[in-house]
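# Summary of the model geometry
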Amino acid sequence: MTAPHQLAVGVLADEGLPEQVITTIADDLPEIFATRISGETQWRVDHEVDQLPLDEDGDIPMRTLSERHRQDRGWDLLVLVTDLPRRAGTKPVVAGVDVEHGVAMISLPALGAVLVRRRVRALLVRVVRQLVSRRLGLDGDQRRQPTMARLHEALAPTQRMSGGHQSAATHLALVGLRGRLRLLAGMVRDNRPWQLVPHLAGATAAAAGTAAYGVITSSFWKLADALSPLRLTGITVVTVLVMALWLMVYNHLWDRPSGSVERRKAVLYNASTAATLAIGVACMYAILYVVALLAAAVLIDSGYFAQTLGHPVGVGSYLNLVWLCSSVGIVAGALGSSLEDEETVRKATYSRRERERRQRNQRGREDRKSAERECPTQPE
């Protein structure tokens, strides 16, 4: 079969991380497709950024978007790139391919938290090859994939699954514990836990004020000098976990669906929330530690410090003091977070897609409660 003169591939990326990834690699895609799929084809790759809509089931309508964008823009194929976590049952879905309608979708969270750009390149080659294999008469044997692509897939085993009797799409799903952990890491990255600190102004102020008080208080000096590094480490871990737990409980971030199937799915979402908060609090702790260490170096005279402790002091004495003060400050930060608006904490904790999912679930629960009030169950 003679290859067409040109194939136009449209890549439609969600706002946020998908936009950043595709914008970075888009210029290289024609050469990559020519090298790894078909060198006899002239590849044209257009990329656009849009907020991909959700249907009533909370998924992105691949077929509808394909019919709309391919005709309007003259694309032969369409690849959607989203930060929406997708699953087939409880298995993470990394990609969906609908050959009949010339559309594929890549879900970035299933690619994990590292090497995302490389994995997207390898996955784009895979889904585009599958979309054009019949048209170009290509061998669909996945063993012909480049070594790098096989290496990326080896990080988590994959399995091809049917999209169901109502869908012409096939899914590439991650299987096993590594697959779920990779999806969890991707969901945590998508939540951007390092952005939690600037959004929690009240908690940060309370933590910084308490740590500053400890730095200039002699009783803290003596207590820090008496504690072993092992005990200080334990205190640090406990305080970080306490603040993360407080944020989750106080702001109602724990997902509690009613159905058994939904509860199994919610395990991953709750784990990503807990990990996001723990990493965010750890970032706050690290920033607080550095600031408190600078304050201690400026404010505390080493001679007076040694006189108070009754023995010579070194760098280790300062580090232990700041270590204890930062841990106590984090506890105060947990209490200070109570002053934050719950919606502010949610925006700081969740990605846009996760907020959409939770809002949709909340509306569903409210609709069911309203329906139950209007049509109560009649006793027999």
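Look above for the structure.
Residues numbered from 1 in each chain as written. Predicted model: local features only at pLDDT ≥ 70, side-chain atom pairs only at ≥ 80, totals over all residues. Heavy atoms only, no water.

### Observations concerning empty space enclosed by the protein
Scanning the model with the defined rule gives 4 cavities of 30 Å³ or more in all. Space inside the second largest cavity adds up to approximately 80 Å³. As for the second largest cavity, its lining consists of 10 residues, of which V97, R126, Q130, R160 and L172 are closest to the centre. Listing elements by their share of the lining of the second largest cavity, those giving two or more residues are β5 (91-98), α4 (116-136) and β8 (170-174). Among the residues making up the lining of the second largest cavity, the classes are represented as 4 nonpolar, 4 polar and 2 charged. (1 Å grid on protein atoms, 1.4 Å probe; cavity = no way out; pocket = protein on both sides within 12 Å on 5 of 7 lines; lining within 4 Å. Points joined across faces, edges and corners; volume = space filled by probe spheres on them. Helix = DSSP H or I, 4+ residues; strand = E, 2+ residues; numbered from the N terminus. Nonpolar A, V, L, I, M, F, W, Y, C, P; charged D, E, K, R; others polar.)

### Quick look at unusual backbone geometry
Glycine aside, residues mostly have negative phi, and peptide bonds are mostly found in the trans state. The backbone phi angle of L115 is positive, close to 55 degrees, even though this residue is not glycine. Structurally, the position occupied by L115 is in the loop between β6 (103-107) and α4. Among the residues examined, L115 registers a relative accessible area of 39% and is labelled partly exposed. Non-glycine residue R192 carries a positive phi angle of around 50 degrees. Tracing the chain through its elements places R192 in the loop between α6 (176-191) and α7 (196-199). (Buried < 20%, exposed > 50% of the residue type's maximum accessible area, 1.4 Å probe, protein only.)

### Describing the side chain of R346
With respect to the helices and strands, the residue R346 is situated in helix α14 (residues 342-349). A distance of 3.4 Å separates a polar side-chain atom of R346 from the backbone oxygen of N251. Residues in contact with R346, not counting those within four places in the same chain, are N251, H252, L253, R355 and R358. (Polar contact = N/O pair within 3.5 Å; in protein donor to acceptor, adjacent residues only side chain to side chain. Contact = heavy atoms within 4.5 Å.)

### Looking at the packing of aromatic side chains
Enumeration over the complete set of coordinates arrives at 6 aromatic pairs. Taking the centre distance of 6.3 Å and the plane angle of 85 degrees together, the rings of Y213 and F220 count as edge-to-face. On the accessibility criterion, F220 (16% relative accessible area) is buried. Considering the side-chain rings of W221 and F305, the 5.1 Å spacing of their centres and the 70 degrees angle between planes classify their relative orientation as edge-to-face. Here the residue W221 occupies a position in helix α9 (residues 218-226), and F305 occupies one in helix α12 (residues 302-309), the gap between them amounting to 84 residues. (Phe/Tyr/Trp six-rings, centres within 6.5 Å; stacked < 30°, edge-to-face > 60°.)

Without other data, these values stay purely geometric and don't point to any function.
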